[in-house]
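# Residue-level structural notes
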Amino acid sequence: MNRIQKISWLMVISIGIAVLLSSAAVGILYYYFGFPKAGAGFAFLSIAGIGGLGPIIFKKDPGAVTCDERDRTINSIAAKAGFGVSYLLFGVLCMGFWEYFRAEGKVPVEILPLIWMFAGLACFFVHALTILILYGRDKSCQGELK
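The structure presented is a predicted model; accordingly, all values stated were derived computationally and were not measured.

## Points about the environment of I131
By the secondary structure assignment, I131 is in helix α5 (residues 111–145). Its relative accessible area of 2% is what places I131 among the buried residues. Contacts of I131, omitting those with residues within four sequence positions, involve I4, S8, I74, N75 and A78.

## A look at the environment of S8
Within the secondary structure, S8 sits in helix α1 (residues 3–33). Given the relative accessible area of 4%, S8 is considered buried. Taking the C-alpha atoms as reference, S8 lies 8.1 Å from G54; in sequence the two are 46 residues apart. Those residues within four positions of S8 in sequence are excluded, and the remaining contacts are A128, I131 and L132.

## Quick notes on helix α4 (residues 69–101)
Here α4 is 33 residues long and its end C-alpha atoms lie 48 Å apart, about the 48 Å a rise of 1.5 Å per residue gives. Every buried residue of α4 is accounted for by D71, I74, A78, G82, S86, L93 and F101.

## Remarks on a nonpolar patch on the surface
On the surface, M1, W9, I13, I17, L21 and F44 cluster together into a nonpolar patch covering about 600 Å² of accessible area. Residue position: M1 is located in the segment before α1. For M1, a relative accessible area of 65% gives the class exposed.

Cut-offs applied
- Residues numbered from 1 in each chain as written.
- Predicted model: local features only at pLDDT ≥ 70, side-chain atom pairs only at ≥ 80, totals over all residues.
- Heavy atoms only, no water.
- Helix = DSSP H or I, 4+ residues; strand = E, 2+ residues; numbered from the N terminus.
- Buried < 20%, exposed > 50% of the residue type's maximum accessible area, 1.4 Å probe, protein only.
- Contact = heavy atoms within 4.5 Å.
- Expected span 1.5 Å × (residues − 1).
- Patch = residues over 30% accessible without salt bridge, like charges linked within 9 Å, V, L, I, M, F, W, Y side chains within 5 Å.
- Areas by Shrake-Rupley, 256 points an atom, 1.4 Å probe, with all protein chains shown as cover.
- Salt bridge = Lys/Arg side-chain N within 4 Å of Asp/Glu carboxyl O.

As structure tokens, this is what we get:
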């Protein structure tokens, strides 16, 4: 397993745990206190920041070549997938909140940073997940050729 895969695993695990804990906390707080106070459950999303420490935790691979054309291609495809999902999620959230709050005529300002944050988390999560999927698919194809 190379450095990029290790960093991707850290990102997927940290973002996954953060989203699960945050969803549970918001749900429980909403049930007991309602929504202004339930927003405190989003604080668990800060756990996703651990994934950003991946380049510091996992040192560079030994050797002269740290990445080749295949690694660059996988990273490029993963970046495009992350951007695409992020853009789609941003659009869906914006249009969803617009439809939900259209009767009132205004969207609460507190929602705007959440939309930005969810789009960013989606981008990083899908980028890391796509890297893992493409490296896994590449290994399984190599096994069939031998």
